[in-house]
Amino acid sequence: MNKSRTTTDKGVPSNSRVLTLLAQLEKLNAESVVLDVENARHITSKILHIIQTQEKTRKEVMTKGSNGMEVILSTLENCRDLQTTLNILYILNELVSVGGGRRVGVLVSKGGTPILLQLLLSASRDSPPSEELMVQLHSILAKVGPKDKKFGIKARINGALNITLNLLKQNLQNNKLLLPCLQVLRVYSSNSVNAVSLGKNGVVELMFKIIGPFSKKNTNLLKVTLDTLSALLKSKTNARRAVDRGYVPSLLSIYQDWHKQDNRHRHMLIRKGILGCIKNITNIKLGRKALIDADGMRILYSTSTECLPVRTLDPLINTSSLVMRKCFPKNRLPVPTIKSVFHFHLPVIPASGPVAQLYSLPPEVDDVVDESDDNDDTEADTENDTENEDEEKDQNLQNDDIETDISKLCPKQEIGRPLEELKMYERFFPELSENFQEYKFAFEEISANTTVLEPKLPGTIVVPTAGDEPAIDLSSTKKETKLTTEEQTKPQSLNTQAGESVKAAAPVDLESIVISKHDKHSPDANKLLISQCLKHDLVKEMDRLSIDGESASNNLKCCNSTGINGQRYKGALNSTTCNKGCQNFSGTSGSSAEHLSAPPCSPRGEPDNEDDCSSHSSGEQGVLEVPDTAALLPLHDPELYIETVKTTKSVPQYAEVAYPDYFGHIAPTFKEHILERVYGVQRTKIFQDIERLIHSNDIIDKVVYDLDLPSCPVIEDGESLKFNSQFESGNLRKAIQVRKFEYDLVLNSDINSNHYHQWFYFEVSGMRSGVPYRFNIINCEKSNSQFNYGMQVLMYSVQEALIGRPQWIRTGTDICYYKNHFSRSSIAAGGQKGKSYYTMTFTVTFHHRDDVCYFAYHYPYTYSTLKMHLQKLESMCTPQIYYHQDVLCDTLGGNSCPVLTITAMPDSKHIEQIFQFRNRPYIFLTARVHPGETNASWVMKGTLEFLMSSSPVAQSLRESYIFKIVPMLNPDGVINGNHRCSLSGEDLNRQWQNPSPDLHPTIYHTKSLLQYLAAVQRTPLVYCDYHGHSRKKNVFMYGCSIKETVWQTNVSATSSELHEDLGYRTLPKILSQIAPAFCMSSCSFVVEKSKESTARVVVWREIGVQKSYTMESTLCGCDQGKYKSLQIGTKELEEMGAKFCVGLLRLKRLTSPLEYRNPSHFLDVETDLIESSCKVTSPTTYVLDDDEPPFLEEVDYSAESNEENDAELNENTVDFDPYVPEDSDSETTRRDLLN
């Protein structure tokens, strides 16, 4: 029966008929030395007919178990008959034309490429070669080439390049043969060596013979030609050849013609192909210059502008934008040097350190514009705008950074210093030796010996002249002990009297000058009045208050002359109207006297004229109405803040106080949503930047603020904004007015550094209301930012503060972050050439005319604010709280670094109570090692306030642990407006392995405290370093795990080597259940080589703290839980600090269930806290997965940078358990949380 099927076609199913024919063809190949031409022609023609008419037969031939492809290729290789060869080529074209790349892949895998190339070589020897054969052969090769990775090499070795090229030259008018030849040339050119070889043989010139002006004929041919030319021009050799032949103006002219004629946009692909050629030519410096010389910037700008209304033309706009940005002439930053404006002389400069390298370079070398072609940035036409682009780029390389040495991963608890050397730190632990025998456990006795700073009544501020009132005595704090290398003081008692307090030496004695709240009708006649005009009982103007050692005429910015930054207000009082209301004063003498300025406030609404102002100058005192924030801000006191500022030492010797720091900040009651990005905003901003080059005459280019000048320029024309950053934590180096309502801003580098531009904090005044102002920070360094994902800048309005809304609010529209045309020096880019800075741009419309507004990267928290908060916290201390504050050390800048001890007082002086007091486990907390991460200080504030509160939960927490806290590890960096470094120019969180007592004193002595605890067998239970994260959302933790690190690598390890307690996951799990902002899925416990010198890893590895964490808080907002789609604020950050404390208490309950006493009141309160929180359950995810969906707009921010990240890299995590009710005491619940 089978035999009959093979002999009669009519009785055989169609799918078997083609197999039968293939079997006959195979037999024919095997039996005949010379192929039977007639039979082969007959069989192949039948196979072709069946395949053309029946789709199922194609699948039959290409199925996995079929040998049909081998038979066809074998016949093609052995055949010498033209018609048979054509039949087989037709068959192959039919087979690979449908089914996508899989069928082509089968052809390649069966050895089809060399057979086809050999056939091309044989056919080329005929004179003339068969046109139909060449068409079919090149059509198949055009499909095979992209699927064969070595196609370019095979074609070059076989000599196919010249065959196709000669064929093309001879048939320029033969469109039927021209098209497949161009398609194959395009595939050839994907190999760079082939592209160069073809260019030498005149292919580039040949392409320009085919490309021409607009024509509706042969559009498909033109498109393929443009694609081929674009592939050829990726070779820099060919690009230079195109420039030398003058083809750049030709391409621009052709593009203009197609743009004008293609009114219905039916040939967008051709227009895009022309732009693709231009883009590749401009990858070289000569091409960029040629485009500018040919007026290409104007041509591309005008054509793109006309395309803007048509959404479907976005690919043309994006490519044009990319070309224009690339060709925009590279400039250096408009500063004399990229080094910081300020310089601090270090006591020791290591020869191999960054400072020595920085200052060994000549001034003209540090910021050289690099326009070489070797390291040009490569930017894709379309990029997925994902928040973790930097991590995605390095995803294939991330394992290289993971620690694979098991011996290094295993914590060894090597203190590294003998106990005798660490004995000097014993005095920082009085709680370990305190016996309380002389302590009076009575509230009356304690309160009699404790000086409490009473809250001040709300009122107005006046400034008396020197000597009118005694200075405020702030010496009531507990005695501080400073650690020096020359002298060690004796341990101080907890109850040191206030009168014995050692005061820190100030640069100058300013105690005779005070700012105090006072009745405006005070009989004191000799008062210094604030310059202002009042209209409808509102403060109109106020100059900065200045304390100086010289005469007031030279140094006091009086009402009749200046306003903000020495600039005159329109409504300022003149000398004749204010001479009675403004008295001169002089402070202490001395050339080194410090200036202290209270902040300026500007008029609200229209200023009064001089006649109106004169009515207020008859000797009455001008007043500044301070918002009554005492009830809402118990830790803030403007007067106390001014006093703390006096002892704060800065490198620039700041003489002014910013209003937000003086007034304080009350968290808004309204929700601040993550900003939804407007489609096309980045493109619009980039086009506005390009207009600067095209319409250069419209650019003002006026410097309105410059710290590099001995005295900042004073602009009096009323047409420019006024800027200032000369106050604590301020950072703005230069402001340039570009257009009437647009300003370029340059940030200052960290001191003793030439980079780290991210933190900003500056003042703006002299604005108009209702007018949109654009601000561009032009020297950002990171390749991506949360500003691309809904984060807004923060603004503080003095006018709003004066009417009862003293608060930082999120503001700004049209916010985006993109690469600009300012070249980044290879010295500042870690040796990488061709890098650029990035622009962060935002637009603000002010609500008040002539307001004084402040802008900041995040909620500012100054060192002086910390000192004020600590004094206020100490004044709130109750008899149940053991609170001790010491000075750990002095910083390089001469500022003290406080260290706190907080726990609960023992119930009595009985030995059992004392023993329990001394043996409480330690919790060690640190924060603000990076100055720009101000959110860490707000989280720490929440922690401190909770610990010092009188709630039952806080009391239970104090009874459970001893807290040792260093709330600010980098005071100098915070004071001087740095983003990441200390005055040593180094990242202090990379110095924990071997800190220098001279260059990194805060790290050295903090590590010594931990080493001392380990030496006396009191290793902390938990160490946590508070940080901020600039490129991720939510709050999360990084920890250390041997297992999870090894799991990320291919390293084999025994079970004994990987044995570890999983308790390191317990605290993050708890926080994920009780803290709405915390996200477990973002946590990582992998140890990386690049982080081996961070606090987290060193404390885990050397001190032996298993629960050693970095807690990262977002600068933007949350994408999960209760706060999803909301930007984070100080209220949420402080809440996170408090929730961290509650988490520690739950950790105590879970780890010590039998020892821990659970008072009923505590359980009730804690349960309420838990129930009010958002229950978050995060699935197992890779942290490297995209956090953000792609935008509709193609956003180009080019993740090129391999800079030192400001936070830990993200790794894999595993599942954690769902929410566990707080009142569940079951052993199963406890075991699940711990494992």
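Values in this document were obtained by computation on a predicted structure and should not be read as measured data.

### Remarks on the overall build of the protein chain
When you go through the protein chain residue by residue, the secondary structure sums to 45 helices and 24 strands. Looking at the 1235 residues of the protein chain, the share that counts as buried comes to 60%.

### Details of unusual backbone geometry
The omega torsion of the bond from Ser127 to Pro128 falls at -10°, within 30 degrees of zero and hence cis. With respect to the helices, strands and loops of the structure, Pro128 is situated in the loop between helix 8 (112-124) and helix 9 (131-144). Look at His265: it is not a glycine, yet its phi comes out positive at around 55°. In this fold, His265 is placed in the loop between helix 17 (247-261) and helix 18 (268-281). Note on His265: relative accessible area 32%, which makes it partly exposed.

### Description of helix 32 (residues 681-694)
With 14 residues, helix 32 should reach 20 Å at 1.5 Å per residue; the first-to-last C-alpha distance of 20 Å fits that figure. Within the sequence span of helix 32, burial applies to Val681, Gln682, Arg683, Lys685, Ile686, Phe687, Asp689, Ile690 and Arg692.

### Description of the nonpolar core
By size, the foremost hydrophobic cluster in this structure holds 132 residues, and its most contacted members are Phe723 and Phe775. Here this core takes 10 residues from helix 43 (residues 1130-1151), the largest share from any one element. In this structure, Leu22, Leu48, Leu141 and Val184 belong to the second largest nonpolar core, which totals 110 residues.

### Points about the pattern of salt bridges
One pass over the full model with this rule turns up 36 salt bridges. Salt bridges sharing common partners tie together Asp689, Glu691, Arg692, Arg739, Glu742, Asp744 and Arg774.

### A word on the sheet that holds strand 20 (residues 922-927)
Strand order in the open sheet formed by 7 strands is 18-19-21-20-22-24-23, and the pairing between neighbours is mixed. Bordering the open sheet on either side are strand 18 (881-890) and strand 23 (1035-1038), each of which pairs with just one other strand. Ignoring which end each strand starts from, the neighbouring axes of this sheet average 20° apart. Along the sheet, helix 36 (residues 934-947) contacts strand 19 (896-904), strand 20, strand 21 (962-966), strand 22 (1022-1029) and strand 24 (1107-1114); its crossing angle with strand 22, the most-contacted strand, is approximately 140°.

### Quick look at the sheet that holds strand 8 (residues 722-724)
Judged by pairing direction, the sheet is antiparallel, and its 5 strands sit side by side in the order 8-11-17-13-14 without closing on themselves. Looking along the sheet, the strands with just one partner apiece sit at the ends: strand 8 and strand 14 (808-811). Direction aside, neighbouring strands of the sheet carry axes that sit 30° apart on average. Strand direction decides the pairing type here: strand 13 (residues 793-797) and strand 17 (residues 852-856), joined by 4 bridges, are antiparallel. By the bridge assignment, Met795 is partnered in strand 17 with Phe855.

### Considering the pairing of strand 13
The buried count for strand 13 comes to 5 of 5 residues, which makes it a mostly enclosed element. With burial as the criterion, each face of strand 13 is covered, one bearing Val793, Met795 and Ser797 and the other bearing Leu794 and Tyr796. Bridge count between strand 13 and strand 14: 4 bridges; the pairing is antiparallel. Bridged to Tyr796 within strand 14 is Trp808.

### A closer look at the packing of helix 4 (residues 55-62) against helix 7 (residues 101-109)
Running from N to C, helix 4 and helix 7 point in directions that differ by 45°, and their axes come no closer than 11 Å. By the angle between their axes, helix 4 is oblique relative to helix 7. Handedness of the helix 4/helix 7 crossing: left-handed. When helix 4 is examined against helix 7, the residues Glu55, Arg58, Lys59 and Met62 are found in contact with a partner set consisting of Arg102, Arg103 and Val106. Considered class by class, the residues forming the contact of helix 4 with helix 7 number 2 nonpolar, no polar and 5 charged.

### Some thoughts on the environment of Leu988
Its place among the elements puts Leu988 in the loop between helix 38 (971-975) and helix 39 (1001-1015). For Leu988, a relative accessible area of 3% puts it in the buried group. Each C-alpha atom, one on Leu988 and one on Thr1094, is 8.4 Å from the other, the two residues being 106 residues apart in sequence. Among residues more than four places away in sequence, those in contact with Leu988 are Val929, Leu969, Asn970, Ser982, His1000, Thr1002 and Ile1003.

### Side note on the confidence of the model for the protein chain
On average, residues of the protein chain score 77 in pLDDT, and 70% of them reach the 70 mark or higher. Of the regions scoring below 50 in pLDDT, residues 1-15 engages in 11 contacts with residues more than four places distant in sequence or in other chains. This model gives residues 1156-1232 a pLDDT under 50, and the stretch forms 226 contacts once residues within four places in sequence are excluded.

### A short note on the packing of helix 5 (residues 68-78) against helix 8
At a minimum axis separation of 10 Å, helix 5 and helix 8 run at an interaxial angle of 25°. If you check the angle between helix 5 and helix 8, you find them roughly parallel. Where helix 5 crosses over helix 8, the handedness of that crossing is left-handed. Taken together, the residues of helix 8 that come into contact with helix 5 (itself represented by Leu73, Leu76 and Glu77) are Gly112, Ile115, Leu116 and Leu119.

### Brief notes about the side chain of Thr319
Mapping Thr319 onto the fold places it in helix 21 (residues 314-327). Taking the relative accessible area as the measure of exposure, Thr319 reaches 6% and is therefore buried. Leaving out residues up to four positions away in the same chain, Thr319 has contacts with Leu275 and Lys279.

The rules behind the values
- Residues numbered from 1 in each chain as written.
- Predicted model: local features only at pLDDT ≥ 70, side-chain atom pairs only at ≥ 80, totals over all residues.
- Heavy atoms only, no water.
- Helix = DSSP H or I, 4+ residues; strand = E, 2+ residues; numbered from the N terminus.
- Buried < 20%, exposed > 50% of the residue type's maximum accessible area, 1.4 Å probe, protein only.
- Expected span 1.5 Å × (residues − 1).
- Core = buried A, V, L, I, M, F, W, Y, C linked by side-chain atoms within 4.5 Å.
- Salt bridge = Lys/Arg side-chain N within 4 Å of Asp/Glu carboxyl O.
- Pairing = 2+ DSSP bridges.
- Axes fitted to C-alpha atoms, helices over the stretch in contact; angles between N-to-C directions.
- Contact = heavy atoms within 4.5 Å.
- Parallel < 35°, antiparallel > 145°, perpendicular 65-115°, else oblique.
- Left-handed = near helix turned anticlockwise from the far one by under 90°.
- Nonpolar A, V, L, I, M, F, W, Y, C, P; charged D, E, K, R; others polar.
- pLDDT = per-residue confidence, 0-100.

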